[in-house]
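Residue-level listing of the chains:
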Amino acid sequence: MTEPRPPADPRAARTREKLRRALLAECAERPLAEVSVSAVVRRAGLGRATYYLHYEDLQALAVDACAEVVRQAVDALHAWRGLPDPAAPPPALTLFLADAARHADLYRSLLLPGGGGPLGELLNRELRERSRRERELAGAPRAGLVASAVAAAFTGVLADWLHGAVDGTPEAVAAEVWRLLIALHRAVR
């Protein structure tokens, strides 16, 4: 799959935004697997040829549409400085999970149980890279191993929570997953 090309001009950026909004609106009504390019372009008020100028397929559009959600999640998990307190998750993490709960129907169509789907794949990749980079900057050992474990654990817990396999309020899940992620970081010294 090729990555979406960066917009060359403001018109292209506006077109891509229309397509992202249309896809997210479609996914709010039905799972991604049931969404068609025809439905997206109809909702966006664009032609099919225009769609294919910007995206190779629905998967590429879905990944692009998920980028903001992924950025928020990755930033929420790294919204602390100094020594992390296992008893106090970053407030941004709780806010992110509360927002995810409000948009659970949409996210469930893009993030499959266990962490698959376009949102899960992108979240795992971005979180793994950010965690690896931060761990390397701190001089901590086994940056790749721990980053991989952190990304897989958070992506899997988030997906399973949204799909009902993990119980808890956003506050409770934030506290539990925060302790889990700190334990993963501390497991390898």
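Whatever comes next refers back to the structure up there.
Residues numbered from 1 in each chain as written. Predicted model: local features only at pLDDT ≥ 70, side-chain atom pairs only at ≥ 80, totals over all residues. Heavy atoms only, no water.

Student: Could you clarify how one ought to interpret the packing of helix H4 (residues 58-77) against helix H5 (residues 91-102) in this entry?
Tutor: Describing two packed helices takes the angle between their axes plus the distance from one axis to the other. Two numbers describe how H4 lies on H5: the axes approach to 8 Å, and their chain directions differ by 150°. Looking at the two axes, H4 sits roughly antiparallel to H5. Helix-helix and strand crossings are classified by hand; for H4 and H5 the assignment is left-handed. Mapping the contact onto sequence places Val69, Gln72, Ala73, Ala76 and Leu77 in H4 and Ala92, Leu93, Phe96 and Asp99 in H5. Within the contact of H4 with H5, the residues separate by chemical class into 7 nonpolar, 1 polar and 1 charged. (Axes fitted to C-alpha atoms, helices over the stretch in contact; angles between N-to-C directions. Helix = DSSP H or I, 4+ residues; strand = E, 2+ residues; numbered from the N terminus. Parallel < 35°, antiparallel > 145°, perpendicular 65-115°, else oblique. Left-handed = near helix turned anticlockwise from the far one by under 90°. Contact = heavy atoms within 4.5 Å. Nonpolar A, V, L, I, M, F, W, Y, C, P; charged D, E, K, R; others polar.)

Student: Explain the nonpolar core to me, please; I cannot follow it from the model alone.
Tutor: Note on soluble globular proteins: their nonpolar side chains tend to be buried together. Leu23, Val40, Tyr51, Leu93, Phe154 and Leu158 are the most contacted members of the largest nonpolar core, which totals 53 residues. The element that contributes the greatest number of residues to this core is H4, accounting for 13 residues. Discounting chain neighbours no more than four positions away, the residues touching Leu23 are Leu32, Val35, Val40, Leu58, Leu61, Ala62 and Ala65. (Core = buried A, V, L, I, M, F, W, Y, C linked by side-chain atoms within 4.5 Å. Buried < 20%, exposed > 50% of the residue type's maximum accessible area, 1.4 Å probe, protein only.)

Student: What exactly am I supposed to notice about the packing of helix H7 (residues 117-137) against helix H8 (residues 143-162) here?
Tutor: Remark: H7 packs on H8, axes separated minimally by 8 Å, with the N-to-C direction vectors making an angle of 145°. When the axes of H7 and H8 are compared, the crossing they make is right-handed. Contact residues: Gly120, Leu123, Asn124, Leu127, Arg128, Ser131, Arg132, Arg135 and Glu136 in H7; Ala143, Gly144, Val146, Ala147, Ser148, Val150, Ala151, Ala152, Phe154, Thr155 and Leu158 in H8. Within the contact of H7 with H8, the residues separate by chemical class into 10 nonpolar, 6 polar and 4 charged.

Student: Looking at this structure, I do not really get H5. What am I missing?
Tutor: Working note: α-helix, 3.6 residues per turn, so residues spaced by three or four point in the same direction. For H5, which comprises 12 residues, the first-to-last C-alpha distance of 17 Å matches the rise-based estimate of 16 Å (1.5 Å per residue) to within 8%. If you check which residues of H5 are buried, you get Leu93, Thr94, Phe96, Leu97, Ala98 and Ala100. On the buried face of H5, the contacting elements are H4, helix H6 (104-110), H8 and helix H9 (170-187). (Expected span 1.5 Å × (residues − 1).)

Student: How do you make sense of unusual backbone geometry when you look at a structure like this?
Tutor: Residues other than glycine predominantly adopt negative phi, and peptide bonds predominantly adopt the trans conformation. In this model, Arg142 sits at a positive phi of 50°, which is unusual for a non-glycine residue. When its relative accessible area of 54% is taken as the criterion, Arg142 is described as exposed.

Student: Explain the packing of aromatic side chains to me, please; I cannot follow it from the model alone.
Tutor: How two aromatic rings sit relative to each other is given by the distance of their centres and the angle of their planes. Evaluation of the coordinates by the stated rule reveals 2 aromatic pairs. On the numbers, 5.0 Å between centres and 85° between planes, the contact of Tyr51 with Tyr52 is edge-to-face. Judged by relative accessible area, which is 40%, Tyr52 ranks as partly exposed. Look at Tyr51 and Tyr55: their rings are 5.9 Å apart centre to centre, the planes differ by 40°, and that puts the pair in the tilted class. You can call Tyr51 buried: its relative accessible area is 0%. An aromatic cluster is defined as three or more aromatic residues linked by ring pairs; in this entry it consists of Tyr51, Tyr52 and Tyr55. (Phe/Tyr/Trp six-rings, centres within 6.5 Å; stacked < 30°, edge-to-face > 60°.)

Student: Quick question: what am I supposed to make of the pattern of salt bridges here?
Tutor: Opposite charge on two side chains makes pairing possible when the charged atoms of those side chains draw close. Under the counting rule described, the total for this entry stands at 18 salt bridges. Residue Glu17 pairs with Arg20 through a salt bridge whose shortest N-O separation is 2.7 Å. Taken together, the positions of Glu17 and Arg20, both in helix H1 (residues 10-29) and 3 residues apart, correspond to about one turn of that helix. The salt bridge involving Arg132 is made with Glu136; its shortest N-O contact spans 2.5 Å. Of this pair, Arg132 and Glu136 both sit in helix H7, 4 residues apart, roughly one helical turn. (Salt bridge = Lys/Arg side-chain N within 4 Å of Asp/Glu carboxyl O.)

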